[in-house]
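Survey of secondary and tertiary structure
Chain by chain, the residues:
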Amino acid sequence: MKPKIVLPIVVLAGALIGSAALLATSQRLQPTQPEPVAPTVRVVQIEPQSVRMTVHAVGTVSPRTETELVPEVSGNVVWISPNLVAGGYFEASEVLLRIDDRDYLNAVERASAAVNRTQAENEFAQFELQRLEELESRQLISRSDVESGMRAARVAEASLQDAEATLEQAERDLTRTEIVAPFAGLVRTEQTDLGQFVNRGTSVASIYAVDYVEVRLPIADQQLAYLDLPVMQRGELDEATAPTVALSAQFAGEEYRWDGKLVRTEAEIDARSRMVLAVARISAKEDGTSDSEDLPPPVGLFVQAEIEGRSADNVVVLPRSAIRNGNQVLVVDEHERLRFRTVRILRIYEDDAYINAGLVAGDRVCISPLQTVVDGMRVTTILEEVPLEKGMPVQ
């Protein structure tokens, strides 16, 4: 055979023999499954504690007493206090307005003169009666003359009483020409001017007291379970046991806070909203200072209220997102594996869940938002500290 034909055949045969030898002597690779990577989760270590429930509500500040300033006599306005303007402040018993009193002074003088006249007539009638009785005792006049004297004496006495009552009324009307403030407060509106004729019973201003204000707070009837309020309370709550209320509001670019008391609940439950209206009271400080922190909030201000409720023992406060399937949490065991744990939820409010059964001190609860969880899956944990204010410990 020719070399050109034999040489390629030999090379090809050698390559096939070498490939077969390599395949026959090579080591076989065994298939292996990679170890899954454990996800990292955040956990908190459980420490049951006594916590105090709180109930939040919102309301508008209203005055405790608001009244119309109404004159009891008619006449021209001759003087108005500089404080009798919208927003003006006045003290209790301060004179706010004066009405022309000349007619009432004349009425007092006439009534006083009438008293003097009737008093003289009464004295004469009493003296005349005594004289007639002496004449009758000596049988110088008849009994009918004495009876006429008795009638005249009684008429004179009645006339004196009428004159004295008229004088008292005239003096009272004279004092009413000065309108005084029944309490310390502020002027909401005023509707009179100097020289204006005002009629009896016509309002000249609207005023309200500022010694304390009240806030009506609508509370859902389910939330009442977390407050220490007697069922079917009548009248105001006992000041010693009344829940405290912390009020806050944004005003003029700053945040203000006030402390008050829950003093009563209104008599009815709103039929449409099923809300109970609780009334909080904020009093002014009694030291007489006028600092802003010592004054109650202004009337009409919209405020947020945090009402102190009842305390509960052995409660764990967790983020609401840690609750799964309605009443379960994920607990990391000693082998760093996740386990579902059924718990009893006392309350879920805002972003917190209050748990009073199912967890013990030292348990580690997962608070990371895992999408897919398998009971027993391995995890890597990062311990987080629970803020103290989150648990609201009872002092």
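Below is a short write-up of the structure. What you see is a predicted model, and the numbers here were worked out from it, not measured in a lab. (Residues numbered from 1 in each chain as written. Predicted model: local features only at pLDDT ≥ 70, side-chain atom pairs only at ≥ 80, totals over all residues. Heavy atoms only, no water.)

1. Remarks on the overall build of the protein chain
For clarity, the threshold we go by: Strands are runs of DSSP state E lasting at least two residues, helices are runs of H or I lasting at least four, and both sets are numbered from the N terminus onward. Each residue gets one of three labels from its accessible area relative to the maximum for its type: buried under 20%, exposed over 50%, partly exposed in between, using a 1.4 Å probe on protein chains only. Note on definitions: a residue-residue contact is assigned when non-hydrogen atoms from the two residues lie within 4.5 Å. Only the protein chains shown count as cover for residues, and the accessible areas themselves come from Shrake-Rupley with a 1.4 Å probe.
Helix and strand content of the protein chain: 4 helices and 21 strands. Put simply, the protein chain has 395 residues, and 33% of those count as buried. In the protein chain, once contacts between residues fewer than 6 apart in sequence are set aside, the share between residues at least 24 apart is 75%. For the protein chain, the computed accessible surface area is about 25100 Å², with 52% contributed by carbon and sulfur atoms.

2. Observations concerning the sheet that holds strand S1 (residues 40-45)
For sheets, the rule is that strands pair by backbone hydrogen bonds, running either parallel or antiparallel. Worth spelling out the cut-off: When DSSP finds at least two bridges between two strands, those strands are taken to pair. To obtain each axis, a line is fitted to C-alpha atoms, and for helices this fit is confined to the stretch in contact; angles are then taken between N-to-C directions over 0 to 180 degrees.
With mixed pairing, the 5 strands of this open sheet are ordered in space as S17-S16-S20-S1-S21. The sheet terminates laterally at strand S17 (338-342) and strand S21 (380-384), the two strands that pair on one side only. Ignoring strand direction, the axes of neighbouring strands in this sheet form an average angle of 45°. As paired elements, S1 and strand S20 (residues 364-366) share 3 bridges and run antiparallel to each other. Its bridge partner lying in S20, Gln 45 is registered against Arg 364.

3. Remarks on the sheet that holds strand S5 (residues 89-90)
Taken in spatial order, the 4 strands line up as S3-S10-S8-S5 in an open sheet, and their pairing is antiparallel. Of all the strands in the sheet, the pair left with one neighbour each is strand S3 (66-69) and S5. Direction of pairing for S5 relative to strand S8 (residues 185-190): antiparallel, over a ladder of 2 bridges. Paired with Phe 90 across the two strands is Gly 185, which belongs to S8.

4. Observations concerning the pattern of salt bridges
Note the threshold: Each salt bridge in this description consists of a side-chain nitrogen of Lys or Arg and a carboxyl oxygen of Asp or Glu lying within 4 Å of one another.
Per the counting criterion, the structure on display carries 16 salt bridges. Residue Asp 211 pairs with Arg 64 through a salt bridge whose shortest N-O separation is 2.7 Å. Note that Asp 211 is positioned in the loop between strand S10 (205-209) and strand S11 (212-220) and Arg 64 in the loop between strand S2 (49-63) and S3, a separation of 147 residues in sequence. Among the residues examined, Arg 64 registers a relative accessible area of 30% and is labelled partly exposed. In this structure, Asp 375 engages Arg 339 in a salt bridge whose closest nitrogen and oxygen atoms are separated by 3.3 Å. With Asp 375 in the loop between S20 and S21 and Arg 339 in strand S17, this residue pair connects regions lying 36 residues apart in the sequence. Residue classification places Arg 339 among the partly exposed residues on the basis of a relative accessible area of 34%. Three or more residues are tied together by salt bridges with common partners; here these are Glu 72, Asp 173 and Arg 176.

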